[in-house]
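# Fold and contact review
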Amino acid sequence: MIETCLFPAAGYGTRFLPATKAMPKEMLPILTKPLIQYGVEEALNAGCRTMAIVTGRGKRSIEDHFDISYELEHQIKDTSKENLLTEIRNIMETATFSYTRQKEMRGLGHAILTGETLVRHNPFAVILADDLCYNDNVGVLTQMMKIYEKFRCCVVAIEEVNNDEVHKYGVIAANEVEDGVYKVYDMIEKPKKEEAPSNLAIIGRYILTPDIFNILRTTKPGINGELQITDALLELAKLGRVIGYKFKGIRYDCGSIDGFVRATNDFYQRMNQ
Ligand code: UTP
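The structure reproduced in this document is the subject of the present report. Each chain has its residues counted from 1, following the order in which its sequence is written. In keeping with the predicted nature of the model, local features appear solely for residues at pLDDT of at least 70, side-chain atom pairs appear and are counted solely at 80 or more, and the whole-chain, interface and lining totals rest on all residues. Excluded from the side-chain calculation are hydrogens and water; included are all heavy atoms of the structure.

## A look at the environment of Asp-136
Strands are runs of DSSP state E lasting at least 2 residues, helices are runs of H or I lasting at least 4, and numbering of each runs from the N terminus. Structurally, Asp-136 can be placed in the loop between strand 7 (131-134) and helix 7 (140-151). Considering only alpha carbons, one finds Asp-136 and Ile-250, 114 residues apart in sequence, at a separation of 9.6 Å.

See the structure below:
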C-alpha cells in the first residue's frame, strides 16, 4: 500500500568521527551488516518495494552496497562463502533503489524535501537508518503501517525517554486515544527539560503524507538553523493529522557510541542463541 521508503542518509555523522570521515555513518556495521541494510530489510518486511535514498558527498559506498560487485561475485562463486551474499542478493532482487543528493546539509526536514522527486505525490515511509529497531516478530515499520491503514494520516514512532534526554529529540504533546496510540496536538524539537510537553520522543520512523512537502517549502529554519521535520509536522498536528505510536520493540541509537555498542552486543548475543 505504501510503496516507497525514504532514507535520509546525507548527514555528516560527526559523533562518529573519524570513522565517518570517508565512510557514511549508514555503512557502519552491526556484526556483518551495515545499518542501512537493516533499515532496508525492515522496509521490505513492511511491504515497501522502492527504497529512495537521500545521499550526499562521500556516500557512494551506499550505492555500491546495493549493486552487483562483479569481481567479488566471480571470485566467490561456487565456494563456501557464496552464501554470505544470499541476503543482500535477495534484497537487490526484490527492491528497487533510487538516489538523489542533498547538496547542503540543512537538516532532516530539508533532506526529506530533497526526496520529493523520488516520492512524488504518494504517502511514504521514512527510516533513519542510524536508529536501528529490533522486534522479535513484527517490525516497527510494519506496526506503523497498520496504524496508518486505520487513521490515514501521518504516523510518528515514539518512545518514552528520561527527562534528561528530551533535549535530543522532537517531543510531542498528545492525547492517548487507544493503548499506545496518541493524537498529537503539539510538538517541539529539542526542547529544554523545563519546556518539554512530555517525555514522549519521536524516533527515526515516520509515515508521511505528501502534503508535508508544501509545508516544508515554507517552514522556516528552526533549532540549530536547520529545517526541522518536527516544525513542519506541527502544522498537520494542529489539524489533528498526526498520530504518535508507541512501538513494540527496542531502538538502538546507533548514531551514538553507547547505542552502537549496545546494538552490537545484543545482536551478537541473539546470533549465538
Ligand atoms: P542526525 O543529526 O542524527 O545525523 O540526523 P548526523 O547529523 O549525520 O549526525 P551527527 O549528529 O553529526 O553525529 C538524523 C538523520 O537525518 C539525516 C542523517 O543522515 C541521519 O540519518 N540527515 C540529517 C540528512 O540526511 N541531512 C541533513 O541535513 C541532516
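## A look at the site of the ligand
Only heavy atoms are used to decide nearness, and a residue is near a molecule or strand if one of them lies within 4 Å of it. Surveying the vicinity of the ligand reveals 18 residues, the closest of which are Gly-13, Thr-14, Arg-15, Gln-102 and Gly-107. Here a polar contact is recorded for every N or O atom pair within 3.5 Å, except that within protein the pair must consist of a potential hydrogen donor and a potential acceptor, and residues adjacent in sequence are included only if both atoms are side-chain atoms. For the ligand, an oxygen atom lies 3.2 Å from a polar atom in the backbone of Tyr-12. In the environment of the ligand, an oxygen atom lies 3.2 Å from a nitrogen or oxygen atom belonging to the side chain of Glu-26. Surface accessibility follows the Shrake-Rupley procedure with a 1.4 Å probe radius. Residue values consider only the protein chains on display as shielding. Taking 570 Å² as the accessible area of the ligand by itself, protein coverage stands at 81%. Definitions used throughout: a 1 Å grid over protein atoms alone; a cavity as a set of points that fits a 1.4 Å probe which cannot get out; a pocket as an open set with protein on both sides within 12 Å along at least five of seven lines; a lining residue as one with an atom within 4 Å of a point. Pocket occupancy is defined atom-wise: a molecule lies in a cavity or pocket when more than half of its atoms are within 2 Å of its grid points. Comparing atom positions with the cavity grids shows the ligand to sit within the largest pocket. Nonpolar residues are Ala, Val, Leu, Ile, Met, Phe, Trp, Tyr, Cys and Pro. Charged residues are Asp, Glu, Lys and Arg, and all others, Gly as well, are polar. Residues belonging to the shell around the ligand are distributed by class as follows: 8 nonpolar, 5 polar and 5 charged.

## Examining the side chain of Thr-55
Relative to the assigned elements, Thr-55 resides in strand 4 (residues 50-55). When its relative accessible area of 1% is taken as the criterion, Thr-55 is described as buried. Residues are treated as being in contact if the distance between any of their heavy atoms lies within 4.5 Å. Beyond its immediate stretch of four places on either side in the chain, Thr-55 contacts Ala-9, Ala-10, Glu-63, Tyr-99, Thr-100, Arg-101 and Gln-102. Each residue is placed in one exposure class: buried if its accessible area under a 1.4 Å probe, protein chains only, is under 20% of its type's maximum, exposed if it is over 50%, and partly exposed if it falls in between.

## Describing the pattern of salt bridges
Working definition: two side chains of opposite charge can pair if their charged atoms are close together. Here, a salt bridge means any Lys or Arg side-chain nitrogen found within 4 Å of an Asp or Glu carboxyl oxygen. Counted according to the given criterion, the structure contains 19 salt bridges. Residue Glu-82 is joined to Arg-89 by a salt bridge in which the shortest nitrogen-to-oxygen separation is 3.5 Å. With a relative accessible area of 23%, Arg-89 lands in the partly exposed category. Here Glu-116 makes a salt bridge to Arg-217, at a shortest N to O gap of 2.8 Å.

## Some words on the nonpolar core
We define a nonpolar core as any set of buried Ala, Val, Leu, Ile, Met, Phe, Trp, Tyr and Cys residues linked to one another through side-chain atoms lying within 4.5 Å. By size, the foremost hydrophobic cluster in this structure holds 40 residues, and its most contacted members are Cys-5, Phe-7, Ile-36, Val-40, Cys-48, Met-51 and Leu-141. By size, the runner-up hydrophobic cluster in this structure holds 34 residues, among which are Leu-118, Val-156, Ile-212 and Ile-229.

## Here we look at the environment of Glu-41
Tracing the backbone shows Glu-41 in helix 1 (residues 35-45). By relative accessible area, which is 18% here, Glu-41 ends up buried. Between the C-alpha atom of Glu-41 and that of Ile-91, which follows or precedes it by 50 residues, the distance is 7.5 Å. What Glu-41 contacts, discounting residues up to four positions off in sequence, is Lys-33, Glu-87 and Ile-91.

## Looking at the layout of surface pockets
Grid points are joined across faces, edges and corners, and a volume is the space filled by probe spheres set on the points. Of the volumes computed, that of the largest pocket is approximately 1,300 Å³. Arg-15, Lys-25, Leu-128, Asp-130 and Lys-190 are, among the 43 residues lining the largest pocket, the residues nearest its centre. When residues of the lining of the largest pocket are assigned to their parent elements, the largest contribution, 4 residues, is made by strand 11 (residues 200-208). Tallied by class, residues from the lining of the largest pocket come to 14 nonpolar, 12 polar and 17 charged. If you add up the space inside the second largest pocket, you get close to 330 Å³.

## Examining the side chain of Gln-143
With respect to the helices and strands, Gln-143 occurs in helix 7. Engagement of the side chain of Gln-143 in a polar contact is seen with the backbone nitrogen of Lys-248, the distance being 2.8 Å. Here Gln-143 is in contact with Asn-135, Val-138, Tyr-245, Phe-247 and Lys-248, once residues within four sequence places are set aside.

## Observations regarding the packing of aromatic side chains
Geometry of aromatic contacts follows a simple scheme: Phe, Tyr and Trp rings, the Trp one being its six-membered ring, pair when their centres are within 6.5 Å, and the pair is stacked under 30 degrees between planes, edge-to-face over 60, tilted otherwise. Per the counting criterion, the structure on display carries 6 aromatic pairs. Measuring from ring centre to ring centre gives 5.7 Å for Tyr-134 and Phe-267, while their planes differ by 75°; the resulting arrangement is edge-to-face. Of the two residues, Tyr-134 is situated in strand 7 and Phe-267 in helix 10 (residues 257-271); the sequence distance between them amounts to 133 residues. For Tyr-134, a relative accessible area of 23% translates into the label partly exposed. Cluster of aromatic residues (ring-pair linked, three or more members): Tyr-38, Tyr-134, Tyr-252 and Phe-267. Its guanidinium or amino end placed over the ring of Tyr-134, Arg-270 lies 3.6 Å from that ring's centre, counting from NZ or CZ. A cation over an aromatic ring shows up here: Arg-270 above the ring of Phe-267, its NZ or CZ 4.9 Å from the ring centre. Charges are assigned to positions over rings by a cutoff of 6 Å between ring centre and Lys NZ or Arg CZ, combined with an angular limit of 35 degrees from the ring normal.

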